[in-house]
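Fold and contact review
Residues per chain, in single letters:
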Amino acid sequence: LNLIRQNEVLPTEEKLDQIVNCCREVFKALRINAEASNSPQISVDGRPVAKQSAANADDFLPALIWIVLRANPPLLHSNTQFITRFSSETRLNTGEAAYCFTNLCCAVEFIKDLTFTSLGLTKEEYETQMRDGVSVTLCPVEIPDALSENERRYS
């Protein structure tokens, strides 16, 4: 939502604040997911399942790419260009704002260069996914049957 709100604010610093707020929310969600995943789990054959590590930068960029794709923020390219040209160089080159803005620019570049071969899909699979989208169901870790229950409900 913060990425979409960029058009509601005019100063570059406020646009950059919206990006930082978005990134904080992504890290918060990743942290919550990692904490939920760290509860003791047992596999089907009775052996303990390895715990997932805490949220980190390796998780962040793919999550941000997914969010940009799902949100499809209007005028994102224009806003990133505006911020690049008119924002404080100090803020763009150091600290949290620089990290968040750089990752957003990386996410945008990844999306711009997206092809079926870069994703390891056939052309037909890629076209189907781009046309129909990818079904994503988020379910709490402690409810492993939630996915199958949702499938039954909506089938």
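Structure: see above.
In this report, the structure presented in the accompanying data block is examined. Note that the structure is predicted; figures quoted are calculated from it, not measured. Along each chain, numbering runs from 1 in the same order as the chain's sequence is written. Where totals are concerned, whole chains, interfaces and linings use all residues; where local detail is concerned, this predicted model gives features only for residues with pLDDT of at least 70, and gives and counts side-chain atom pairs only at 80 or more. Remark: hydrogens and water are excluded; side-chain values derive from all non-hydrogen atoms of the structure.

1. Examining the side chain of Asn2
The helix and strand labels rest on DSSP assignments: H or I over at least four residues marks a helix, E over at least two residues marks a strand, and numbering proceeds from the N terminus. Position of Asn2 among the secondary structure elements: in the segment before helix 1 (12-37). The contact definition used throughout considers only heavy atoms, calling two residues in contact when any of these lie within 4.5 Å. Discounting residues that sit within four places of it in the chain, Asn2 has contacts with Gln18, Asn21, Cys22 and Glu25.

2. As for helix 2 (residues 57-71)
Multiplying 1.5 Å by the residue count of a helix minus one yields the expected span of that helix. In this model, helix 2 (15 residues) spans 21 Å end to end at C-alpha, consistent with the 21 Å of a helix rising 1.5 Å per residue. Three or more residues of helix 2 are buried, namely Phe60, Ala63, Leu64, Ile65 and Val68. Residue exposure (1.4 Å probe, protein chains only): buried if accessible area is under 20% of the type maximum, exposed if over 50%, otherwise partly exposed.

3. Concerning the packing of aromatic side chains
Stacked, edge-to-face and tilted labels apply to pairs of Phe, Tyr and Trp rings (six-membered ring for Trp) whose centres lie within 6.5 Å, assigned for plane angles under 30 degrees, over 60, and everything in between, in that order. Tallying each qualifying case throughout the model produces 5 aromatic pairs. Geometrically, the ring pair formed by Phe27 and Phe60 is stacked, given 4.5 Å between the ring centres and 5° between the ring planes. Highlighted residues: Phe27 in helix 1 and Phe60 in helix 2, separated in sequence by 33 residues. Residue classification places Phe27 among the partly exposed positions, given a relative accessible area of 22%. A ring pair is formed by Phe116 and Tyr126, whose centres lie 6.4 Å apart and whose planes are at 55°; its orientation type is tilted.

4. Concerning a nonpolar patch on the surface
Patch members must show over 30% relative accessible area and no salt bridge, and they are joined within 9 Å when carrying like charges or within 5 Å when they are nonpolar side chains of Val, Leu, Ile, Met, Phe, Trp or Tyr. Per-residue and other accessible areas follow the Shrake-Rupley method at a 1.4 Å probe size, with only the shown protein chains counted as cover for residues. We define a salt bridge as a contact between a side-chain nitrogen of Lys or Arg and a carboxyl oxygen of Asp or Glu at a distance within 4 Å. A grouping of Phe110, Leu119 and Met130 is seen on the molecular surface, where their side chains present a nonpolar patch of about 280 Å² in accessible area. As for its placement among the helices and strands, Phe110 is situated in helix 5 (residues 95-112). With relative accessibility at 38%, the residue Phe110 sits in the partly exposed group.

5. Some remarks on the pattern of salt bridges
This model, assessed by the stated rule, comprises 4 salt bridges. Residue Lys112 is joined to Glu109 by a salt bridge in which the shortest nitrogen-to-oxygen separation is 2.9 Å. Remark: Glu109 and Lys112 occur in helix 5; sequence separation between them is 3 residues, near one turn of the helix. With relative accessibility at 38%, the residue Glu109 sits in the partly exposed group. Within the structure, one salt-bridge network assembled from shared partners comprises Glu13, Asp17 and Arg91.

6. Quick word on the environment of Ala57
Among the structural elements, Ala57 can be located in helix 2. Contacts of Ala57, omitting those with residues within four sequence positions, involve Phe27 and Tyr99.

7. Brief notes about unusual backbone geometry
Phi is positive for Asn72, close to 45°, though the residue is something other than glycine. Tracing the backbone through its elements, the reader meets Asn72 in the loop between helix 2 and helix 3 (76-86). A positive phi angle, close to 60°, is found at Leu75, a residue other than glycine. By the secondary structure assignment, Leu75 is in the loop between helix 2 and helix 3.

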